[in-house]
Amino acid sequence: QVQLVESGGGLVQAGGSLRLSCAASGRTLSTLDVGWFRQAPGKEREFVAAIKWSARSTTYADFVKGRFTISRDNAKNTVYLQMNSLKPEDTAVYYCAADPLPFGGRLPENNPNKYAYWNQGTQVTVSS
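Residues numbered from 1 in each chain as written. Predicted model: local features only at pLDDT ≥ 70, side-chain atom pairs only at ≥ 80, totals over all residues. Heavy atoms only, no water.

1. A closer look at the environment of Tyr-60
Thought 1: Looking at the secondary structure, you find Tyr-60 in strand 6 (residues 58–60).
Thought 2: Using a relative accessible area of 19% as the deciding quantity, one classes Tyr-60 as buried.
Thought 3: Among all residues touching Tyr-60, those that are not within four sequence positions of it are Phe-47, Val-48, Ala-49, Lys-65, Phe-68, Thr-69 and Ile-70.
Thought 4: Reaching out from Tyr-60, the side chain makes a polar contact with the backbone nitrogen of Ile-70 at a distance of 2.8 Å. (Helix = DSSP H or I, 4+ residues; strand = E, 2+ residues; numbered from the N terminus. Buried < 20%, exposed > 50% of the residue type's maximum accessible area, 1.4 Å probe, protein only. Contact = heavy atoms within 4.5 Å. Polar contact = N/O pair within 3.5 Å; in protein donor to acceptor, adjacent residues only side chain to side chain.)

2. Quick word on the state of the cysteines
Thought 1: Within the structure shown, the criterion is met by one disulfide.
Thought 2: With a sulfur-sulfur separation of 2.0 Å, Cys-22 is cross-linked through a disulfide to Cys-96. Disulfide Cys-22 to Cys-96: torsion about the S-S bond roughly 60°, handedness right-handed. In this pair, Cys-22 is assigned in strand 3 (residues 18–25) and Cys-96 in strand 9 (residues 92–98), connecting sequence segments 74 residues apart. (Disulfide = S-S within 2.5 Å.)

3. Points about the pairing of strand 9
Thought 1: Among the seven residues in strand 9, six count as buried, and that is most of the element.
Thought 2: Judged from the six bridges that link them, strand 4 (residues 34–39) and strand 9 form a sheet pairing that is antiparallel. The residue of strand 9 that forms the bridge with Trp-36 is Cys-96.
Thought 3: Bridge analysis of strand 9 against strand 11 (residues 122–127) gives three bridges, and the strand direction is antiparallel. In the sheet register, Val-93 faces strand 11, and the bridge partner there is Gln-123.
Thought 4: The pairing of strand 9 with strand 10 (residues 117–118) spans two bridges and is classified as antiparallel. (Pairing = 2+ DSSP bridges.)

So this is what it looks like as structure tokens:
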């Protein structure tokens, strides 16, 4: 079992930056793929970014490419999402999630069904 604790959300002005952290306990993240998703009010949850267990591959949604960077520090059992050039449309609850299968499962990184462990979410609000 993996418990994911997220931090770093908050209120920021458009053009600003935030860094979200997703720390794991109960099991090492070093062999697990991790993804970030978000959900805005009235909208479905959508994929944001993902990183393979080896950190050799990352995947991004088109709307965050060039602005967001996902990374991981396996020594700290933590995955990060650095968000730059934030826009009001980035306002949402952000979730990190971990694939339960070591060394990556069969589903693509942008599929929420790939991930069994989810955190409680953190609010990110970008003001115009």
